[in-house]
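The primary structure of each chain is shown beneath.
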Amino acid sequence: MEKYSTIISKTAPLPLENVDTDQVIPARFLKGTTRDGFGENLFRDWRFNADGSLKKDFILNNVTNAKILLAGKNFGCGSSREHAAWAIHDYGFRVVISSFFADIFKNNALNNGLLPVQVSEDFLQELFTAVAENAEQKLKVDLENQRIEIDGKNSSESFAINSYKKHCLLNGLDDIDYLISRKDLIIEFEGRIAV
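Please read all numbers here as calculations on a predicted model, not as lab measurements.

Visitor: I'd like a description of the overall build of the protein, backed by residues and values.
Guide: The helix and strand inventory of the protein stands at eight helices and seven strands. Radius of gyration (C-alpha) of the protein: 18 Å, near the 16 Å computed for a compact globule of 195 residues. Within the protein, buried positions represent 44% of all 195 residues. Taking contacts inside the protein between residues at least 6 apart in sequence as the whole, the part at least 24 apart equals 64%.

In structure tokens:
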């Protein structure tokens, strides 16, 4: 996984509540076993018409180079498919902001290098308003200090994250990489308890 640093990016706003994982990546696209290639079908039924042409009014078809997805409340509900986090990450997003995430989605995101940032309802609305007023408005997500702010404005909020997952994201480690980084301590422990 790549190491996280502070991310400053414009945002793709998706002001819809209760977006489930089947909307994020429809079940018919879950045939792959690696994380690559899922981004092209992210929000497939919302991004494309039945004939395969792009829906010009859907936000992801009009925003480029955004690393932050700004979503409504209860994002990632529904089935526990890990592919939803894969698709969002593969599309290019590194952060998803919402006022509430389904627990399974949140854990899948953290395990796959995607940072779910949970903010208050009021701050989420403030973020949506700032982006609606200026499509080029950037947000700053500082994982080290656990803070999100509207870039260039005096408005920010802190966010919580599991300390282990924060360590892993900041150091570019998945769970296996983390265990390997602790190999010497594991060997030492095993030596102490050997009979």
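Visitor: Explain the side chain of Glu 157 to me, and be specific about the residues and the numbers.
Guide: Within the element layout of this structure, Glu 157 appears in strand β7 (residues 156–158). Within the buried core, Glu 157 has no salt-bridge partner, and the shortest N-O distance to an opposite charge, that of Arg 147, equals 7.7 Å. There is a polar contact of 2.8 Å between the side chain of Glu 157 and the backbone nitrogen of Ser 120. Leaving out residues up to four positions away in the same chain, Glu 157 has contacts with Val 119, Ser 120, Phe 123, Gln 146, Arg 147 and Ile 148.

Visitor: Account for the packing of aromatic side chains, naming residues and giving values.
Guide: Throughout the structure, instances matching the rule amount to eight aromatic pairs. One cation-aromatic arrangement involves Arg 44 over Phe 48; the distance from NZ or CZ to the ring centre is 4.1 Å.

Visitor: Let's hear about unusual backbone geometry: which residues, and what values?
Guide: The residue Asn 18 is not glycine, and still its phi comes out positive at about 60°. Locating Asn 18 in the fold gives a position in the loop between β1 (7–14) and α1 (21–24). Positive phi, normally seen in glycine, also occurs at Phe 43, with a value near 50°. Mapped onto the secondary structure, Phe 43 falls in the loop between α1 and α2 (44–47). Looking at Phe 43, the relative accessible area reads 0%, which means it is buried.

Visitor: Which residues make up the packing of helix α3 (residues 83–91) against helix α4 (residues 103–111), and what are the values?
Guide: With their axes 8 Å apart at the nearest point, α3 and α4 run at an angle of 50° to one another. One element, α3, and the other, α4, form an angle in the oblique class. You can see that α3 and α4 cross each other, and the crossing is right-handed. Where α3 approaches α4, its residues Ala 84, Ala 85 and Ile 88 are matched on the opposing element by Phe 105, Asn 108 and Ala 109. Broken down by class, the residue content of the contact of α3 with α4 amounts to five nonpolar, one polar and no charged.

Visitor: Give a description of α3 that names residues and reports values.
Guide: Counting buried positions over the nine residues of α3 gives seven, a clear majority of the element. Within α3, the full set of buried residues consists of His 83, Ala 84, Ala 85, Trp 86, Ala 87, Ile 88 and His 89. Against α1, β3 (95–98) and α4 lie the buried residues of α3. After α3 finishes, the residue Gly 92 shows a positive phi value of roughly 125°.

Visitor: Can you lay out a nonpolar patch on the surface for me, pointing to particular residues and giving the numbers?
Guide: A surface patch of nonpolar side chains, about 380 Å² in accessible area, is lined by Ile 176, Leu 179, Ile 180 and Ile 186. Broken down by element, the nonpolar patch gets its largest block of residues, three residues, from helix α7 (residues 175–181). With respect to the helices and strands, the residue Ile 180 is situated in helix α7.

So, how was this worked out
Residues numbered from 1 in each chain as written. Predicted model: local features only at pLDDT ≥ 70, side-chain atom pairs only at ≥ 80, totals over all residues. Heavy atoms only, no water. Helix = DSSP H or I, 4+ residues; strand = E, 2+ residues; numbered from the N terminus. Rg over C-alpha atoms; globule rule 2.2 N^0.38 Å. Buried < 20%, exposed > 50% of the residue type's maximum accessible area, 1.4 Å probe, protein only. Contact = heavy atoms within 4.5 Å. Lys, Arg positive; Asp, Glu negative; His and termini not counted. Salt bridge = Lys/Arg side-chain N within 4 Å of Asp/Glu carboxyl O. Polar contact = N/O pair within 3.5 Å; in protein donor to acceptor, adjacent residues only side chain to side chain. Phe/Tyr/Trp six-rings, centres within 6.5 Å; stacked < 30°, edge-to-face > 60°. Lys NZ or Arg CZ within 6 Å of the ring centre and 35° of its normal. Axes fitted to C-alpha atoms, helices over the stretch in contact; angles between N-to-C directions. Parallel < 35°, antiparallel > 145°, perpendicular 65-115°, else oblique. Left-handed = near helix turned anticlockwise from the far one by under 90°. Nonpolar A, V, L, I, M, F, W, Y, C, P; charged D, E, K, R; others polar. Patch = residues over 30% accessible without salt bridge, like charges linked within 9 Å, V, L, I, M, F, W, Y side chains within 5 Å. Areas by Shrake-Rupley, 256 points an atom, 1.4 Å probe, with all protein chains shown as cover.

Interpretation in functional terms is not warranted from these geometric data alone.
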